[in-house]
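Chain by chain, the residues:
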Amino acid sequence: MPLMPKRVKYRKVQRGRIRGNASRNTTLSFGDYGLQTMDTGRITSQQIESARTAVTRHLKRHGKLWIKIFPDKPFTKKPLEVRMGKGKGNPEGWMAEVRPGNVILELSGCVEPMAREALARAANKLPVRCKFLSR
């Protein structure tokens, strides 16, 4: 089941522009290791889920994982082969907007080389550049 909000105020939102660096969620708060973004971007719920799967598969039931971002913004798509105009498309999925400095994942309960490899695999699934953090 993908991450998505239970309800939102508006069904469709405009994209807007993501500027500046993150001011919140920039340090490790639960785990010993983390994955921090270095770019601005939008991460879909499917990408978050595939990153989570990659980490849990690599750790083989060791350690604990926290997902620190939540996809709360809907994105829309128009159907294939539809001409321009005729309004905005229908909501297709959910995404989280991230800024440089946001912590995406946190991990604890495993040794550093294992955590580093697991988070590197997760970073490969994400559309933004990431770096490894440790306490």
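The shown structure was predicted, so the numbers you read here are calculated from the model rather than taken from an experiment.

Reading the values: rules and limits
Residues numbered from 1 in each chain as written. Predicted model: local features only at pLDDT ≥ 70, side-chain atom pairs only at ≥ 80, totals over all residues. Heavy atoms only, no water. Pairing = 2+ DSSP bridges. Helix = DSSP H or I, 4+ residues; strand = E, 2+ residues; numbered from the N terminus. Axes fitted to C-alpha atoms, helices over the stretch in contact; angles between N-to-C directions. Contact = heavy atoms within 4.5 Å. Core = buried A, V, L, I, M, F, W, Y, C linked by side-chain atoms within 4.5 Å. Buried < 20%, exposed > 50% of the residue type's maximum accessible area, 1.4 Å probe, protein only.

Student: Mind laying out the sheet that holds strand β2 (residues 41-44), listing which residues take part and the relevant values?
Tutor: Strand order in the open sheet formed by 3 strands is β2-β5-β4, with antiparallel pairing between adjacent strands. Either end of the sheet is taken by a strand with one partner, and the two such strands are β2 and β4 (73-77). On average, adjacent strands in this sheet sit at an angle of 50° to one another, irrespective of strand direction. With 4 bridges connecting them, β2 and strand β5 (residues 90-98) associate as antiparallel partners. Bridging across to β5, T44 finds its partner in M95. The strands touched by helix α1 (residues 45-59) are β2 and β5; relative to β2, the strand with the most contacts, the crossing angle is about 70°.

Student: Please give an account of the nonpolar core that cites residues and values.
Tutor: Grouped together as the largest cluster of nonpolar side chains are 23 residues, with contacts concentrated most on L35, I43, V55, I104, L105 and L107. For this core, the secondary structure elements donating two or more residues are β1 (33-37), α1, β5, β6 (103-108) and α2 (112-124). Broken down by element, this core gets its largest block of residues, 5 residues, from α2. With sequence-adjacent residues up to four places away left out, I104 is seen in contact with L35, T37, I43, W66, I67, K68, I69, L126, V128 and C130.

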